[in-house]
Amino acid sequence: MLIQGAKSGLLAALQTSPGIPIFPPRASTIAGGVDQLHYFLTVLTLFFTFVIFTIIFYFMIRYRRRSEDEQPPETVTLMPLEITWTLIPTLICVVVFAWSASLYFRNANPPNAATEIIVIGKQWMWHIQHQEGVREINELHVPVGVPIKLTMTSQDVIHDFFIPAFRVKRDATPGRYSSLWFQATKTGTFHFFCAQYCGEGHAAMIGWVHVMTPDDYAAWLAGTNRGETMTQAGERLFHQYGCVTCHVADGTGRGPSLVGQFGKPQKLRDGQSLTVDEAFLRRAITQPNSMPIPNYAPVMPTFQGQLNEEQILQLIAYVKSLGGEERKAKGQ
Amino acid sequence: MSAALAEAPPETRVHYLNANYGIKSWLLTTDHKRIALLYLASITLMFFVGGAMAVMMRIHLIDPAGALVHPDTYNKLFTMHGVMMIFFFLIPSIPAVLGNFLVPIMVGAKDLAFPRINLLSWYIFIIGASLTLYAMVSGGVDTGWTFYTPYSTTYANSQVMATALGVFVSGFSSILTGLNFIVTIHKMRAPGLTWFRMPLFLWAIYATSIIQVLGTPVVAIAIFLIGLERLFHVGIFDPAVGGDPILFQHLFWFYSHPAVYIMILPGMGVISEIITCFSRKKIFGYHFVAFSSMAIAVISFLVWGHHMFVTGMSVYAALIFSVLSFLVAIPSAIKVFNWTATLYQGSISYEAPMLYALGFIGLFTMGGLTGLFLASLATDVHLNGTYFIVAHFHYIMVGGAVMAYLGGIHFWWPKISGRMFPDTWARLAAAIVFIGFNLTFFPQFMLGYLGMPRRYATYPAEFQVLNVMSSAGASILGLGYMIPLIYLFWSIRYGPVAPANPWRAKGLEWQTSSPPPTQNFEVPPVVTEEAYAYGPPGSGREGAHD
Amino acid sequence: MSVHVEPVWLYVLVFLCLMVLTATTVGVAFVDLGSFNTLVALTIAVIKMLLVVTFFMHVRHSTALTKVFIAAGFLWLLLLIAFTLTDVGTRQIPQQPEGWGSATTVVPPPK
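Cut-offs and rules
- Residues numbered from 1 in each chain as written.
- Chains lettered and ligands numbered in written order.
- Predicted model: local features only at pLDDT ≥ 70, side-chain atom pairs only at ≥ 80, totals over all residues.
- Contact = placed C-beta atoms within 7 Å.
- Helix = DSSP H or I, 4+ residues; strand = E, 2+ residues; numbered from the N terminus.
- Nonpolar A, V, L, I, M, F, W, Y, C, P; charged D, E, K, R; others polar.
- Core = buried A, V, L, I, M, F, W, Y, C linked by C-beta atoms within 7 Å.
- Buried ≥ 20, exposed ≤ 12 C-beta atoms within 10 Å, placed from the backbone.
- Domains from an automatic or database assignment.
- Pairing = 2+ DSSP bridges.
- Axes fitted to C-alpha atoms, helices over the stretch in contact; angles between N-to-C directions.
- Parallel < 35°, antiparallel > 145°, perpendicular 65-115°, else oblique.
- Left-handed = near helix turned anticlockwise from the far one by under 90°.

Colleague: I'd like to hear about the interface of chain A and chain B, residue by residue, with values.
Modeller: Facing 83 residues of chain A, the contacting portion of chain B comprises 89 residues. Secondary-structure elements contributing two or more residues to the side of chain A that touches chain B are helix 1 (2-15), helix 2 (31-62), helix 3 (79-106), strand 6 (159-163), strand 7 (168-172) and strand 9 (188-194) of chain A. With 15 residues, helix 2 of chain A is the largest single contributor of residues to the side of chain A that touches chain B. Partitioning the side of chain A that touches chain B into residue classes produces 45 nonpolar, 25 polar and 13 charged.

See below:
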């Protein structure tokens, strides 16, 4: 009976191959490495499952009970055997860990020349904004062969941006910025999903990544009604919300000048030194009281609730444009 | 020793089932065996409630657009399925039913150390289960069994409070049961029953109890904080007021990853008992199997971060949790190899419990190895949150823990009920469960790698074929679970009367009559040999081993 | 099992200590110690907990086994905090230096 069980399980596995997709498209620079590791682990799993099943079946048949009064010999625990089968899994684990960790480590940070695109998750859609100002919902157009960095956040609950064809995934968490990057290697249209349960419409948070040749991408950008760029929108907000009255460019205002600050270290009153990055600016806008800065009175009001995630990101884009160690690569 | 007693029909002999009658004699009992049966009845109910939800989900997923229910209802189905199965079936399954019944008998005691606390823990469990069932019938809950914030604290409009309270309350039941087992194993072992003469089931239960006692308070606190946040909006998890939604995941998984081992460790203990009995062999590498249980219990607390690799955790933290996660694989592998080696030169027979045990080894091997995909950072990023995860943990929890639970129920059924079950039906059921299980969950590995996220009420058409296969398998699996329910009930009345030791097994529980008397043993037992002394006479003595 | 009863004055003394420590916690909350805020509050809390465990729960007179289990509880709390901090504490780690640990191969687009 067990033999039948194993067979039917195996048959089920084999019968799916013709005509049924088993592997997702492989369309990013990361995907190949992940797939190799995945194949290795699959072979490892099948090998050990096969070995264990075979040994069990062999023993079951070879040592089946032939009479009720059979007296099997005493079990003798063999130390060398115990050590061997402790060491072998340990060794395999070390190898797999090293392999997977180096792969992960190499792909953890985006190349410095990555084009940044903003992704905001909200119940239940993906809101995407390009630096050039183009906005999309549940669609993401990217050029092939160019590293793309998605800076993500969420307006409500935790979402997760998952592109199976690129083998990448990262949570979009409210109140934080997370990022993932990829470089598409194939033109085409690929699914992306929300992979973190987020409520009733979770299964509807599906969209398409359109990977285009650079020429097509440029044409697409030119053909869309783009409105303001992120930086322009940020500048407008900077004036509209009166940020400009304190954060005067020459440093004479009630707040520090923001010119040339991005990417620089900033000391706080409690002695901590933080890098002025997206997370720093977000916190400074939404919870200014949590990070008083020496030599300036903590008079800035919070903009929590007054600005939505998109507007905060536009302001950050504007501050970035004021100089500093900005990673220079806006798709050109 | 009580062969004469055992052969008499059970009605003529006073044992724990007929010592007294009436509903009060059950609801106010402090007899660990009766409490075990109270648990058995309660968790069987919960299992079939949770199972019915799984069946509805699988029917729903036959059609990419959803065949049965509204997405909102689907979300409630998978949430309640998870809550029921994990908190109210799997966690109490082997410890509270088989553990309650067997721990005192295996240590040679009359009862657990704190019989009244034992009854209390059942009542607490019932209160928790009632609250959760109330939540289910009064609208259900849709947060996922993981209660991730800020969805559960701020956005969900369903019965989060009632469910959270139910889970919170049932946690105390788990803590008290664990406490009871730890004290019993430390303090009440029969003369001669040294630590290394204990059956491995006791080692497994001991390791499990430690996880229960040390881990459960943390999930209780995490769930308590959800309640606080929902009621008073204190801002622990809500980023809008300076909280950290990811902190909840840390607190939650600190318990909920070890909770997986609460489910599987006792199962491993059951397998050690069954394998040795039906191959009439002493366990291969007793010390390795015993210590691997303890190692798993400790390491399980250090690996929870692998549930959170895609939350934006730093590379450094991810590396630490990844390497620790790999460590758990080693003691698990040691167990599998030792069980397999135990069969060597044995005298193997294939009664139903043995079929479940062998099925367990195979499925656990697969479940454990697919865990490596998820401990590996690079592959986890792709597989996290997909059906691959669903398949992996069902291989461990259903293919592992439930198979072991069913194997254990069959193995000790003659002892518990005093009746034999029909072996042909039982073998048939074991085979159906094994086949149905693989057909249900193997396709889900492929779905996951293909990229289908879990918890999707509707899905793109490219995933349909594998979903239909999985649903078809589920119908077989469902049937497989119904059969034992029927024949075990049948056997209580019509089954042949069981002798004291139908499997010719070693272990103290087989030396007393079936079913055992209320005080477990007519004469307090003295242990003179080590566990699983199946070898030639005299070989089980100290010194004739390892 | 022998029952140890502490003299009443000891209970009163411990109670007073707890009250004083509670007052200290409240008092310290009004003083801004920068990043030491949490540390001071936690230290006081741990001292209070130790007082309760040692005297009110009579662990002073308990067997070594009980003490081992209490130590395990502490150890587990430590694990919870320490390993959570591996995530929370490293989120703010500055960017890696140029070209270090990032993908260096930029594949040209297919023509």
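Still more to cover.
Colleague: Any chance you could break down the nonpolar core for me, citing the residues and the numbers?
Modeller: Judged by nonpolar contacts, the single largest core of 285 residues is most densely connected at Val119(A), Leu202(B), Ile271(B) and Ile361(B). Top contributing element to this core by residue count: helix 4 (residues 71-107) of chain B, with 23 residues. The two domains that each donate at least three residues to this core are domain 1 (115-223) and domain 2 (230-321) of chain A.

Colleague: So, the sheet that holds strand 7 of chain A: which residues are in play, and what are the values?
Modeller: Residues and elements named next belong to chain A. Read from one edge of the open sheet, five strands run 4-10-9-6-7, paired in mixed fashion. A single partner strand is all that each edge strand has here, and the edge strands are strand 4 (139-143) and strand 7. Ignoring strand direction, the axes of neighbouring strands in this sheet form an average angle of 25°. Pairing of strand 9 with strand 10 (residues 207-212) involves five bridges; the strand directions are antiparallel. Among the inter-strand pairings, Phe 190 is bridged to a residue of strand 10, identified as Val 209.

Colleague: Go over the pairing of strand 2 (residues 125-130) of chain A, please, and point to the residues and values.
Modeller: Side-chain direction in a regular strand flips from residue to residue, so the side chains alternate between the two faces of the sheet. All names here are of chain A. Relative to strand 2, strand 1 (residues 115-122) runs antiparallel, the two sharing six bridges. For Gly 121, the partnering residue across the bridge sits in strand 2 and is Trp 126. Across three bridges, strand 2 lies against strand 3 (residues 135-137) in antiparallel orientation. Within strand 3, the position partnered with Ile 128 by the bridge is Glu 136. What sits between strand 2 and strand 3 in their antiparallel hairpin is a turn of four residues, with Gly 133 showing a positive phi close to 105°.

Colleague: Break down the domain arrangement of chain A for me, with residues and values.
Modeller: Residues and elements named next belong to chain A. Partitioning chain A into domains gives domain 1 (115-223) and domain 2 (230-321). Computed over C-alpha atoms, the centres of domain 1 and domain 2 are 26 Å apart. Elements with a contribution of two residues or more to the side of domain 1 that touches domain 2: strand 1, strand 2 and strand 5 (147-154).

Colleague: Tell me about the packing of helix 10 (residues 286-299) of chain B against helix 11 (residues 315-343) of chain B, residues and numbers included.
Modeller: Residue and element names in this part refer to chain B. Orientation of helix 10 relative to helix 11, taken along the N-to-C sense of each, is 160°, at an axis distance of 9 Å. Relative to helix 11, the element helix 10 lies roughly antiparallel. As for the relative orientation of helix 10 and helix 11, their crossing is left-handed in sense. When helix 10 is examined against helix 11, the residues Phe 288, Val 289, Ser 292, Ala 295, Ile 296 and Ile 299 are found in contact with a partner set consisting of Leu 324, Leu 327, Val 328, Pro 331, Ser 332, Ile 334, Lys 335 and Asn 338. Looking at the contact of helix 10 with helix 11, its residues break down into 10 nonpolar, three polar and one charged.

Colleague: How would you explain the pairing of strand 6 of chain A if you had to name every residue and give the values?
Modeller: Residues and elements named next belong to chain A. Where burial is concerned, most of strand 6 is hidden: five out of the five residues are buried. Where burial is concerned, the two faces of strand 6 agree: the one with His 159, Phe 161 and Ile 163 and the one with Asp 160 and Phe 162 are both buried. Of the pairings in the sheet, the one linking strand 6 to strand 7 comprises five bridges and is antiparallel in character. Within the sheet, the bridge partner assigned to Phe 161 lies in strand 7 and is Arg 170. Hairpin connection of strand 6 to strand 7: four residues between the antiparallel strands, including Arg 167 at a positive phi of 60°. For strand 6 and strand 9, the ladder comprises two bridges, and the chain directions are antiparallel. Bridge pairing links Phe 162 to Phe 193 in strand 9.

Colleague: Quick one: what's the story with the environment of Ile52(A), residue by residue and with numbers?
Modeller: Mapped onto the secondary structure, Ile52(A) falls in helix 2. Assessed through the 20 C-beta atoms surrounding it within 10 Å, Ile52(A) is described here as buried. The sequence separation of Ile52(A) and Gly32(A) amounts to 20 residues, and the corresponding C-alpha distance is 30 Å. With near-sequence residues (within four places) excluded, Ile52(A) lies in contact with Val336(B), Thr340(B), Ile361(B), Gly362(B) and Thr365(B).

Colleague: Describe the sheet that holds strand 3 of chain A, and please don't skip the residues or the numbers.
Modeller: Residue and element names in this part refer to chain A. Reading across the sheet, the five strands line up as 3-2-1-5-8 and stay open at both edges, with mixed pairing between neighbours. Looking at strand neighbours, the two that pair on one side only are strand 3 and strand 8 (178-183), the edges of this open sheet. Strand-to-strand twist of the sheet, defined as the mean angle between neighbouring strand axes without regard to direction, takes the value 25°. Relative to strand 5, strand 1 runs parallel, the two sharing seven bridges.

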